[in-house]
Amino acid sequence: MCERRVGAELGMLNNLIKRQMAMMAAGSEIENITGMQSMIIHYLIVSEAEGDRFQRDIETQFRIRRSTATGILQLMEQHGLLRREPVAHDARLKRLVLTERARALNEMICQGLEHTETLMREGIEEKDLMVWFAVCEKLRANLEKHQRRVSEDSV
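Residues numbered from 1 in each chain as written. Predicted model: local features only at pLDDT ≥ 70, side-chain atom pairs only at ≥ 80, totals over all residues. Heavy atoms only, no water.

## Concerning the overall build of the protein chain
For step 1, the next point in the chain: Counting secondary structure elements, the protein chain contains six helices and two strands.
For step 2, the next point in the chain: Counting from the amino terminus, helix and strand elements in the protein chain follow one another as α-α-α-α-β-β-α-α.
For step 3, the next point in the chain: Overall, the C-alpha framework of the protein chain stretches about 55 × 50 × 25 Å when taken along its three principal axes.
For step 4, the next point in the chain: Counting over 155 residues, the protein chain shows a buried share of 26%. (Helix = DSSP H or I, 4+ residues; strand = E, 2+ residues; numbered from the N terminus. Buried < 20%, exposed > 50% of the residue type's maximum accessible area, 1.4 Å probe, protein only.)

Here you go:
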């Protein structure tokens, strides 16, 4: 096995991406919004034409646990970024509704995401990016398959 570790490389990239986004957000209205909150805002705006979105959609889209999603969405509510509203056909379900404040921040969020994406892709050929994405899909599938197997065994 080679000395370089996939997990370590991804962890370092994640740290650098977070640092880049924080530097761009510094002094702006999005300074106190986390990367995950930014991605959730963007996802909710992009997917709203498809209908209501619920917490389980966030869990699935971002592959996070229910408890993690609950914590993030509660903070977003506290910071005035979204509301949870009951739906008529099932009072237990609460659809996620972005506030005008969150919608106004989306423009800055998109600019930050695009700028960071441009920085990361600099000097990398399209064919190399295609390989990167294919490998990422395989890594994700491997981890998800293993996690499904472990959770099935524990039932």
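## Here's the deal with the layout of surface pockets
For step 1, the next point in the chain: Of the voids in this model, the largest pocket is the one considered here, and its volume is about 2,300 Å³.
For step 2, the next point in the chain: Taken together, 46 residues make up the lining of the largest pocket; nearest its centre are Asn14, Ile17, Met39, Phe62 and Arg140.
For step 3, the next point in the chain: Listed by contribution, the elements that provide at least two residues to the lining of the largest pocket are α1 (6-25), α2 (35-47), α3 (55-62), α5 (100-121) and α6 (126-153).
For step 4, the next point in the chain: When residues of the lining of the largest pocket are assigned to their parent elements, the largest contribution, 13 residues, is made by α6.
For step 5, the next point in the chain: Here the lining of the largest pocket is composed, by residue class, of 24 nonpolar, ten polar and twelve charged.
For step 6, the next point in the chain: Its boundaries defined by the atoms lining it, the second largest pocket holds a volume of some 200 Å³.
For step 7, the next point in the chain: Residue lining of the second largest pocket: ten residues in total, with Arg5, Val6, Glu9, Leu10 and Trp132 positioned closest to the centre.
For step 8, the next point in the chain: Looking at the lining of the second largest pocket element by element, the count peaks at four residues for α1.
For step 9, the next point in the chain: Looking at side-chain class alone, the lining of the second largest pocket contains seven nonpolar, no polar and three charged residues. (1 Å grid on protein atoms, 1.4 Å probe; cavity = no way out; pocket = protein on both sides within 12 Å on 5 of 7 lines; lining within 4 Å. Points joined across faces, edges and corners; volume = space filled by probe spheres on them. Nonpolar A, V, L, I, M, F, W, Y, C, P; charged D, E, K, R; others polar.)

## Focus: the packing of α2 against α3
Between two packed helices, what matters for the description is the angle formed by their axes and the separation of those axes.
For step 1, the next point in the chain: In the contact formed by α2 and α3, the axes pass within 11 Å of each other and the chain directions differ by 115°. Relative to α3, the element α2 is oriented roughly perpendicular. Where α2 crosses over α3, the handedness of that crossing is right-handed. From α2, Met36, Met39, Ile40, Tyr43 and Leu44 reach across to α3, where they touch Asp57, Ile58, Gln61 and Phe62.
For step 2, the next point in the chain: Counted by class, the contact of α2 with α3 contains seven nonpolar, one polar and one charged residues. (Axes fitted to C-alpha atoms, helices over the stretch in contact; angles between N-to-C directions. Parallel < 35°, antiparallel > 145°, perpendicular 65-115°, else oblique. Left-handed = near helix turned anticlockwise from the far one by under 90°. Contact = heavy atoms within 4.5 Å.)

## Topic: the pairing of strand β2 (residues 90-98)
For step 1, the next point in the chain: Here six bridges tie strand β1 (residues 82-87) to β2, and the two strands are oriented antiparallel to one another. What sits directly across from Arg83, in β2, is Val97.
For step 2, the next point in the chain: The turn joining β1 and β2, which pair antiparallel and follow one another in sequence, is formed by two residues. (Pairing = 2+ DSSP bridges.)

## Considering α2
For step 1, the next point in the chain: Here α2 is 13 residues long and its end C-alpha atoms lie 18 Å apart, about the 18 Å a rise of 1.5 Å per residue gives.
For step 2, the next point in the chain: Of all the residues in α2, the buried ones are Gln37, Ser38, Ile40, Ile41, Tyr43, Leu44, Ile45 and Ser47.
For step 3, the next point in the chain: Those residues of α2 that are buried are in contact with α3, α4 (66-78), β1, β2 and α5. (Expected span 1.5 Å × (residues − 1).)

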